[in-house]
Amino acid sequence: MSFILSPIDTVDTISPEDFRENYLKPRRPLVIKGLTKSWPAREKWTPEYLKEVVGKKVVPLYDNSKADPSKPINSSAKEMPFDEYIDLIRSTPTELRIFFFNIFKQAPQLLDDVILPKDLMGGFLESMPAMFFGGSNSVTFLHYDIDLPHIFHTHFGGRKHVILFENKWKKRLYCIPNATYALEDYDVLNPDTKKFPALDGVEGTEVFLEHGDTLFMPTGYWHWMKYIDGSYSLSLRAWDASISRKAASLYNLAIKGGVDSLLKMAFKEKYAHYREALAIKWAEKELAEGKPF
């Protein structure tokens, strides 16, 4: 036994009332295959077109290696001109990926190709759309977003494997203290539950996204992603309506993220080893107590 994964609900279209009552309010993930049918981006955003509008802008690239405790989270592995990177992921398997790239600063005309799904919910952060690119073999480590938004994640140009977990499982996932990501010493696709017993029986959902599919990830959801093909995604972010969720977001950004960065700079590897040991202790305690209930 390992993770218990079930399929994510999938629809072609959905009414605003159905979405709000069955997915937004209860915070359940959903794949909407037809959400982008009216988007110009669905047909227009080919690799060649993106190369044309972004050109030789140098972008930071990330790989699958475990985070260096002496460096800030999300430190890049190398840099490359954007057009060369697109050629790379189309021609050969690679771990290299682009993380949280605001492509619209470089090519603002791309915003005209996207339609925010405001009929489904409000609160969209219109100044913060972001794109993610990856070669086949590249993996996004298991984490949740520190600012706790709802996310509409649309994929283009290939396939992507996504696994999600509710935030209630975070300690069983070996969440690193003062951080929003998990211990990176286990393989999410094939976890060693003898070495990491708290993972056994953790419940999640999974989906293989295809071109044009949109995944609704509710606030606080843990996500792990693997690019099956060299491809790319767009994330649209929206605030949860509750005051408590907004307060938690501000706390995470101002306190949790800041404290973690200061301790990491001050104590480096000692701090990294301490919090990894604490993550294991928390996970084992949660398992022993049968949590989450």
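Residues numbered from 1 in each chain as written. Predicted model: local features only at pLDDT ≥ 70, side-chain atom pairs only at ≥ 80, totals over all residues. Heavy atoms only, no water.

Caption draft 1: Region of the structure containing the sheet that holds strand β2 (residues 10-11). Here seven strands make up an open sheet; going across it, the order is β2-β3-β12-β9-β14-β7-β6 and the pairing mixed. Strands at the two margins of the open sheet, each flanked by one partner only, are β2 and β6 (97-101). Pairing geometry for β2 and strand β3 (residues 30-32), over two bridges, is parallel. Note that in β3 the partner of Thr10 across the bridge is Val31. Contacts between helix α1 (residues 16-24) and the sheet are confined to β3, β9 (150-156) and β12 (214-217), with β12 contributing the most and set at about 50 degrees to the helix. (Pairing = 2+ DSSP bridges. Helix = DSSP H or I, 4+ residues; strand = E, 2+ residues; numbered from the N terminus. Contact = heavy atoms within 4.5 Å. Axes fitted to C-alpha atoms, helices over the stretch in contact; angles between N-to-C directions.)

Caption draft 2: Fine view of the pattern of salt bridges. Within this structure, the stated rule accounts for 19 salt bridges. The partner of Arg28 in a salt bridge is Asp9, with the nearest N and O atoms 2.5 Å apart. Within this pair, whereas Arg28 is found in the loop between α1 and β3, its partner Asp9 is found in the loop between β1 (4-7) and β2, the two being separated by 19 residues in sequence. Asp9 gets classed as partly exposed once you look at its relative accessible area, which sits at 29%. The closest approach of N and O atoms between Glu276 and Lys66, which form a salt bridge, is 3.0 Å. Highlighted residues: Glu276 in helix α6 (residues 243-288) and Lys66 in the loop between β4 (58-61) and β5 (78-81), separated in sequence by 210 residues. Judged by relative accessible area, which is 39%, Lys66 ranks as partly exposed. Each of Glu48, Lys51, Asp87 and Arg90 takes part in a single network of salt bridges with overlapping partners. (Salt bridge = Lys/Arg side-chain N within 4 Å of Asp/Glu carboxyl O. Buried < 20%, exposed > 50% of the residue type's maximum accessible area, 1.4 Å probe, protein only.)

Caption draft 3: Main features of the pairing of strand β13 (residues 222-227). Burial analysis of β13 places six of its six residues in the buried class, the great majority of the element. Residues of β13 alternate between two faces, with Trp222, Trp224 and Lys226 on one and His223, Met225 and Tyr227 on the opposite face, all of them buried. When strand β8 (residues 139-143) meets β13, the two strands line up antiparallel, connected through three bridges. Following the sheet pairing, Thr140 is matched in β13 by Met225.

Caption draft 4: A look at unusual backbone geometry. Lys291 connects to Pro292 through a cis peptide bond whose omega is -5 degrees. Along the chain, Pro292 falls in the segment after α6. Its identity as a non-glycine residue notwithstanding, Arg27 has a phi of 55 degrees, on the positive side. Mapped onto the fold, Arg27 is located in the loop between α1 and β3.

Caption draft 5: Expanded view of the UniProt feature "domain: JmjC" (unreviewed entry) in the protein chain. In the numbering adopted here, UniProt assigns the feature "domain: JmjC" (unreviewed entry) to residues 105-255. The distance from the first to the last C-alpha atom of residues 105-255 is 29 Å, and the span holds 10% helix and 32% strand. (UniProt positions renumbered as here; feature names shortened; annotations may be inferred.)

Caption draft 6: Spotlight on the nonpolar core. Core analysis: the biggest nonpolar cluster contains 41 residues, and Phe19, Trp45, Phe82, Ile103 and Phe133 have the highest contact counts within it. Non-local contacts of Phe133, meaning those with residues more than four positions away in its chain, are made with Leu50, Phe82, Tyr85, Ile86, Arg97, Ile98, Phe101, Ile103, Tyr227, Ser231 and Tyr232. (Core = buried A, V, L, I, M, F, W, Y, C linked by side-chain atoms within 4.5 Å.)

Caption draft 7: Region of the structure containing the sheet that holds β1. Strand order in the open sheet formed by five strands is β1-β11-β10-β13-β8, with mixed pairing between adjacent strands. Each edge of the open sheet carries a strand with a single partner, namely β1 and β8. The sheet shows a mean angle of 20 degrees between the axes of neighbouring strands, taken without regard to direction. In terms of strand pairing, strand β10 (residues 160-165) meets β13 through six bridges, oriented antiparallel. Bridged to Val162 within β13 is Met225.

Caption draft 8: Spatial organisation of the side chain of Lys51. Along the chain, the position of Lys51 falls in helix α3 (residues 47-54). Accessibility expressed as a relative area gives 16% for Lys51, which makes it buried. Setting aside anything within four residues of it in sequence, one finds Lys51 in contact with Phe82, Asp83, Ile86 and Asp87.

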